[in-house]
Amino acid sequence: MSGLSLDKLLKKAENKLQNVHEIVQEKSYELIRQAYKESIFVVITEGFRSIEQQHKLYSKGRATPGSIVTNAKGGYSYHNYGLAFDIALLDDNGEVDWTIDRRWNKAGEIGKRIGLEWGGDWTSLKDYPHFQYTFGLSLSELRSGNKPEKQTEKASRVLIEYGGRGNHVQLIQRMLIHLGYSLSGGADGIFGSSTLKAVKAFQQALYLQVDGIVGPKTLEKLYSNFNKTMF
């Protein structure tokens, strides 16, 4: 695909995922990464949506001109709580293509495989671009003020690999730099090619599996070697 790398898709997503729960963000990045492997190019079109914005969207095709696009009033969408995001798919020229075809179904399958609920499975009003992760909380509970935890034990076990981003990536980068591995972008929180090269070099030096993925064994060795140099 000309001019649009995985890094660029992830960067575009980051700009759209402000105020979205960190675990939902991670799942959206994972969706993009997994879809990219299938030559499906996902862009995030919307993340958090205020209750006021939701009211306006609900009015479309009802009180205001246009077609009905949602059955959710303000406060009745997981978007309003930072637990949902919408996507679009790009064609080989980098243009948005809304044609519902096998790519959308595949994207839906990938999303469900990583634990997301897909709007394409809904019966009343199919919403192919929509994905959500509810933490088992109902909209009624969310409206009453219940909120999911900011971090979970499950999230801490997620493999950190190429294309990942966030504070956990930045921590790994800082440890690698401290241990003498060069990173062209510094500790920028983006697991790009420079970080991948450093992780593989570290794994090779410690006789670990050289796959460039920071799993439990690699992370344990990073921490132990980092701590040795600190104390």
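Residues numbered from 1 in each chain as written. Predicted model: local features only at pLDDT ≥ 70, side-chain atom pairs only at ≥ 80, totals over all residues. Heavy atoms only, no water.

If you check an unreviewed UniProt entry, the chain appears there as Peptidoglycan L-alanyl-D-glutamate endopeptidase CwlK from Priestia aryabhattai.

Asks: Any chance you could break down the UniProt feature "domain: Peptidoglycan binding-like" (unreviewed entry) in the chain for me, citing the residues and the numbers?
Replies: Under the UniProt annotation, "domain: Peptidoglycan binding-like" (unreviewed entry) lies at residues 165-222. Between the end C-alpha atoms of residues 165-222 the distance is 18 Å, and the span holds 55% helix and 0% strand. (UniProt positions renumbered as here; feature names shortened; annotations may be inferred. Helix = DSSP H or I, 4+ residues; strand = E, 2+ residues; numbered from the N terminus.)

Asks: I'd like a description of the domain arrangement of the chain, backed by residues and values.
Replies: Accessible area lost upon the coming together of the parts serves often as the stated size of an interface. As far as domains go, the chain holds domain 1 (6-148) and domain 2 (153-229). Between the C-alpha centres of domain 1 and domain 2 there is a distance of 30 Å. Listed by partner, the interface residues are 11 residues for domain 1 and 9 residues for domain 2. For the pair domain 1 and domain 2, the two sides together bury roughly 830 Å², of which 47% comes from carbon and sulfur. (Domains from an automatic or database assignment. Contact = heavy atoms within 4.5 Å. Buried area = accessible area lost by both parts, 1.4 Å probe.)

Asks: Residue-level account of the pattern of salt bridges, with values.
Replies: Scanning the model with the defined rule gives 9 salt bridges in all. The salt bridge involving Arg103 is made with Asp97; its shortest N-O contact spans 3.1 Å. (Salt bridge = Lys/Arg side-chain N within 4 Å of Asp/Glu carboxyl O.)

Asks: Outline the UniProt feature "domain: Peptidase M15C" (unreviewed entry) in the chain, listing residues and values.
Replies: Under the UniProt annotation, the feature "domain: Peptidase M15C" (unreviewed entry) is placed at residues 71-133. Here residues 71-133 is 19% helix and 19% strand, with 18 Å between the C-alpha atoms at its ends.

Asks: Would you mind going over helix H7 (residues 167-178) in detail, with residue names and values included?
Replies: Between its first and last C-alpha atoms H7 spans 16 Å; for 12 residues at 1.5 Å apiece the expected length is 16 Å, and the two agree. Burial in H7 covers these residues: Val169, Ile172, Gln173, Met175 and Leu176. End-on, the buried residues of H7 take up no more than an arc of 160°, which puts them together on one face. Looking one or two places after H7, you find Gly180, whose phi comes out positive at around 100°. (Expected span 1.5 Å × (residues − 1). Buried < 20%, exposed > 50% of the residue type's maximum accessible area, 1.4 Å probe, protein only. Arc of directions from axis to C-beta.)

Asks: An account of the sheet that holds strand S2 (residues 84-90) is requested, with residue identities and associated values reported.
Replies: One open sheet accounts for 4 strands, arranged S1-S2-S4-S3; its pairing is antiparallel. Each of the sheet's edge strands pairs with one partner strand only, and the pair in question is strand S1 (41-46) and strand S3 (117-118). Taken together, the 5 bridges between S1 and S2 define a ladder with antiparallel strand orientation. When the sheet's bridge partners are listed, Ile44 is paired in S2 with Ile87. Here helix H4 (residues 102-113) sits on the sheet and contacts S2, S3 and strand S4 (130-132); the angle it forms with S2, its principal contact strand, is near 145°. (Pairing = 2+ DSSP bridges. Axes fitted to C-alpha atoms, helices over the stretch in contact; angles between N-to-C directions.)

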